[in-house]
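Now for the letters of each chain:
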Amino acid sequence: MSETKRIKTALVSVYHKEGLDEIITKLHEEEVKFLSTGGTRQFIESLGFPCQAVEDLTSYPSILGGRVKTLHPKVFGGILCRRSNEQDIQQIEKYEIPEIDLVIVDLYPFEATVASGADEAAVIEKIDIGGISLIRAAAKNYNDVIIVASQHQYKPLLDMLMENGAASTLEERRWMAKEAFAVSSHYDSAIFNYFDSEEGSAFRCTANDQKALRYGENPHQKGYFYGNLEGMFDQIHGKEISYNNLLDINAAVELIDEFEDTTFAVLKHNNACGLASRPTVLEAWKDALAGDPVSAYGGVLITNAVIDKDTAEEINKIFFEVIIAPDYDVAALETLGQKKNRIILVRKEAYLPKKQFRSLLNGVLVQERDLNIETIADLKVVTGKEPAPDEIEDMLFANKIVKNSKSNAIVLAKGKQLLASGVGQTSRVDALKQAIEKAKSFDFSLRGAVMASDAFFPFPDCVEIANKEGITAVIQPGGSVRDDLTINYCNEHGVAMVTTGIRHFKH
C-alpha cells in the first residue's frame, strides 16, 4: 500500500485562502498546473503563477449566480477517471478530459451563517453543491487523487509536499479521503439539523477534534473525547485530563452555573460533597471544605470567582485532582502550581448544547438539558406554617444542589452551606439516613437546617425522620397521590413545606 502517484494537475477552488499561498508556491515549483474558478483563480494569478479557468476547460461560464461552476463532465471525469482502467483512459482521451490529481476545495460556511442569525435565503445560499460534489468524487477515487477538503488539511498537505515533492503514497491519499468524508458528513449533518429544527425525526450529531484519553472509566477501557475542549477551558497546569476527570468537570460546570452568589463547590464522582455561598471566595472555600473534608481528597474543585493568593494557600493544604475558576491571581497560580500533576483550568465563556444524549442498548437516548432553576416565584407553600425568609433562601440553595445530585438524593443545608447529602440510593429514606449520619460525623447541628428532595415523598417517613433531627423546613416537587399524608404530618408537627412542581431525577 505504498503506490506513489505524481501530481500533475491541481484543481483549486476555496472559500478560505489563508495559508494557501505556501501550497500554491510549492506546487508551482514542482511544475504542477492549476485549474481554478473566480476569486481563487485571481488569488493564484496574484502570486504570479499561471492558472487555467475552469470556464475555459468546460466552455461554460459560471452561471445561476455562481451556483454552477464546476459541475461538468470535463471536471468530474478528470477526477473520477481510474488511471488503471483502460476504458476510462480511452474515454477521457476521446473527450479531451485532463486528469486531475489533486483537488483543494472547502465549503461555504453554512454553520457560521446559521449561527449569525441570517435569514433563510442567506442560509440556503451557503449550502455548497459544487464543493461537496468535488470532495466526494476525489475522495472516492483516492487510489489516484488527493483530496484536501478543508483549511484544517492545508498543513498536512504542505508537510507532505515538503517531504515528498509533488507525489503521494496510497496511505496518504486514503488518509486524506477519510478526512474528507469526515468534513462532508459533518456538513450534511449540520444542514439536516437546520431543516429538522426541533422535530428530532432522526439523530444526527458529529464532533471533530478527537482527543485520545489515557483510558476510559477503567484502565482496561479505551477512551476518547470529541469536541473543542480548548473552547471551554485553558489548561494552564497539570497532567492530561482523564475520562473520569471530564465526567466530574461536566458535573461541576452544571452545578456551579446554578449559582450567582460567590460560590465554591467540591465534587466527587459527579456529586457535590461540599458547597457554600459566601461574601468572599476564601470564606466560600473554607465552608465548602468543611462540609466533607474527607471526601474532598482527590476531588474536583470549582468556583465562579477569581481565586486569590490567600484562598490558594488554603486550597493548597489538600490533595485534589482538578480546579476550575474564571481566573486566578498570579500569586495564586504560583501556589497552586507547586504540585506538577494538578490540573488547573481557566473557564471560558462557551456555548453549551441544550440537548443531551447517550448511547443505550442498540440506540441513542436524547433529552433536553434540565435548565430549570427554581426561584421564589415557583414555590408553593402547602402547609399552614410559612417558611421564614432565611429558610426560603436555604431551600432554594439546597434545591439547586439536589437537582445536580444522583437520584435518589436528599440534601441538608443551612446558612447557604451544604451540611450533607445522601445520593444514589435505592431508597429515599436511605438517602436521608446517609445524609444525617454524614452531617453528624462532621459535628453539624441540623437544628434549623432545611431538607431538599429531588422527587416527591410517597410517605411522610422522611419528613418524620428529619423533623426528629430538628429540621423544620422542607422543599420537594410534590405530586404524590399521598401528598396529603405528608402535609398533614407537617401541619401536626410545625414543619413548613413548599413544593416546586418540578422533579429533578438524575441518573
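This section reports on the structure supplied with the text. Since the structure is predicted, the reported quantities are computational estimates derived from the model, not experimental observations.

Thoughts on the sheet that holds strand E6 (residues 146-148)
Overall, parallel pairing links the five strands, which are arranged E4-E3-E2-E5-E6 in an open sheet. Only two strands of the sheet have a single partner each, and these edge strands are strand E4 (52-53) and E6. Across two bridges, the pairing between strand E3 (residues 33-36) and E4 is parallel. Looking across to E4, one finds that Leu 35 is bridged to Gln 52. Contacts from helix H8 (residues 130-140) reach strand E2 (9-13), strand E5 (102-105) and E6 within the one sheet, and its direction differs from that of E5 by about 150°.

Comments concerning the packing of H8 against helix H10 (residues 170-196)
Between H8 and H10, whose axes approach to 9 Å, the crossing angle comes to 150°. It follows from the interaxial angle that H8 and H10 lie roughly antiparallel. Relative to H10, the crossing made by H8 is left-handed. In this structure, H8 uses Ile 132, Ile 135, Arg 136, Ala 139 and Lys 140 to contact H10, whose residues at the interface are Ala 177, Ala 180, Phe 181, Ser 184 and Tyr 187.

Regarding the packing of helix H17 (residues 461-468) against helix H18 (residues 483-493)
Relative orientation of the contacting elements H17 and H18 amounts to 20°, with a least axis distance of 9 Å. One finds that H17 runs roughly parallel with respect to H18. Between H17 and H18 the crossing geometry is right-handed. Contact residues: Val 463, Glu 464 and Asn 467 in H17; Thr 486, Tyr 489, Cys 490 and His 493 in H18. Here the residues of the contact of H17 with H18 sort into three nonpolar, three polar and one charged.

Concerning the pattern of salt bridges
Summed over the entire model, instances satisfying the criterion amount to 25 salt bridges. Glu 254 is the salt-bridge partner of Lys 506, the closest N and O atoms lying 3.5 Å from each other. With Lys 506 in the segment after strand E23 (496-499) and Glu 254 in helix H11 (residues 243-256), this residue pair connects regions lying 252 residues apart in the sequence. For the pair formed by Lys 506 and Glu 254, the shared burial category is buried. Put simply, Asp 292 and Lys 438 hold a salt bridge, and the shortest N to O gap is 2.9 Å. Within this pair, whereas Asp 292 is found in the loop between helix H12 (281-290) and strand E13 (299-303), its partner Lys 438 is found in helix H16 (residues 428-441), the two being separated by 146 residues in sequence. Judged by its relative accessible area of 2%, Asp 292 falls in the buried class.

A closer look at the pairing of E3
Looking along a regular strand, one sees side chains alternate from face to face of the sheet. Pairing analysis gives four bridges linking E2 to E3, with the strands arranged parallel. Note on E3: the bridge partner recorded for Val 12 is Ser 36. The handedness of the E2 to E3 crossover, carried by helix H1 (residues 20-29), is right-handed. Regarding topology, helix H2 (residues 38-46) serves as the crossover connection from E3 to the parallel E4, and that connection is right-handed.

Re the packing of aromatic side chains
Inspection of the entire model under this criterion finds nine aromatic pairs. With 4.9 Å between their ring centres and 65° between their planes, Phe 203 and Phe 357 make a pair best called edge-to-face. With Phe 203 in the loop between H10 and strand E8 (210-212) and Phe 357 in strand E16 (residues 355-360), the pair connects residues that are 154 residues apart, well separated along the chain. Judged by its relative accessible area of 36%, Phe 203 is partly exposed. Connected via pairs of aromatic rings, a cluster forms that spans Phe 110, Tyr 187, Tyr 194 and Phe 195. Across the ring face of Tyr 108, the terminal group of Lys 126 is positioned such that the distance to the ring centre comes to 6.0 Å. In this structure, Arg 204 packs its charged tip against the face of Phe 192, placed 5.6 Å from the ring centre.

Brief notes about the environment of Cys 51
Of note, Cys 51 is situated in the loop between H2 and E4. With a relative accessible area of 12%, Cys 51 lands in the buried category. Measuring from C-alpha to C-alpha, the distance between Cys 51 and Asn 228 comes to 37 Å, with 177 residues separating the pair along the chain. Residues within four places of Cys 51 in sequence aside, it is in contact with Phe 34, Leu 35, Ser 36, Arg 41, Ile 44 and Glu 45.

Considerations on the nonpolar core
Formed by 53 residues in total, the largest nonpolar core has its most connected members in Ile 104 and Ile 147. Sort the elements by how many residues they give to this core and H10 lands first, with seven residues. The residues contacting Ile 147, other than those within four sequence positions of it, are Val 103, Val 105, Leu 134, Ile 135, Ala 138, Ala 139, Gln 153, Met 176, Ala 177 and Ala 180.

Rules of the game
Residues numbered from 1 in each chain as written. Predicted model: local features only at pLDDT ≥ 70, side-chain atom pairs only at ≥ 80, totals over all residues. Heavy atoms only, no water. Pairing = 2+ DSSP bridges. Helix = DSSP H or I, 4+ residues; strand = E, 2+ residues; numbered from the N terminus. Contact = heavy atoms within 4.5 Å. Axes fitted to C-alpha atoms, helices over the stretch in contact; angles between N-to-C directions. Parallel < 35°, antiparallel > 145°, perpendicular 65-115°, else oblique. Left-handed = near helix turned anticlockwise from the far one by under 90°. Nonpolar A, V, L, I, M, F, W, Y, C, P; charged D, E, K, R; others polar. Salt bridge = Lys/Arg side-chain N within 4 Å of Asp/Glu carboxyl O. Buried < 20%, exposed > 50% of the residue type's maximum accessible area, 1.4 Å probe, protein only. Right-handed = clockwise from strand over helix to strand, strands pointing away. Phe/Tyr/Trp six-rings, centres within 6.5 Å; stacked < 30°, edge-to-face > 60°. Lys NZ or Arg CZ within 6 Å of the ring centre and 35° of its normal. Core = buried A, V, L, I, M, F, W, Y, C linked by side-chain atoms within 4.5 Å.

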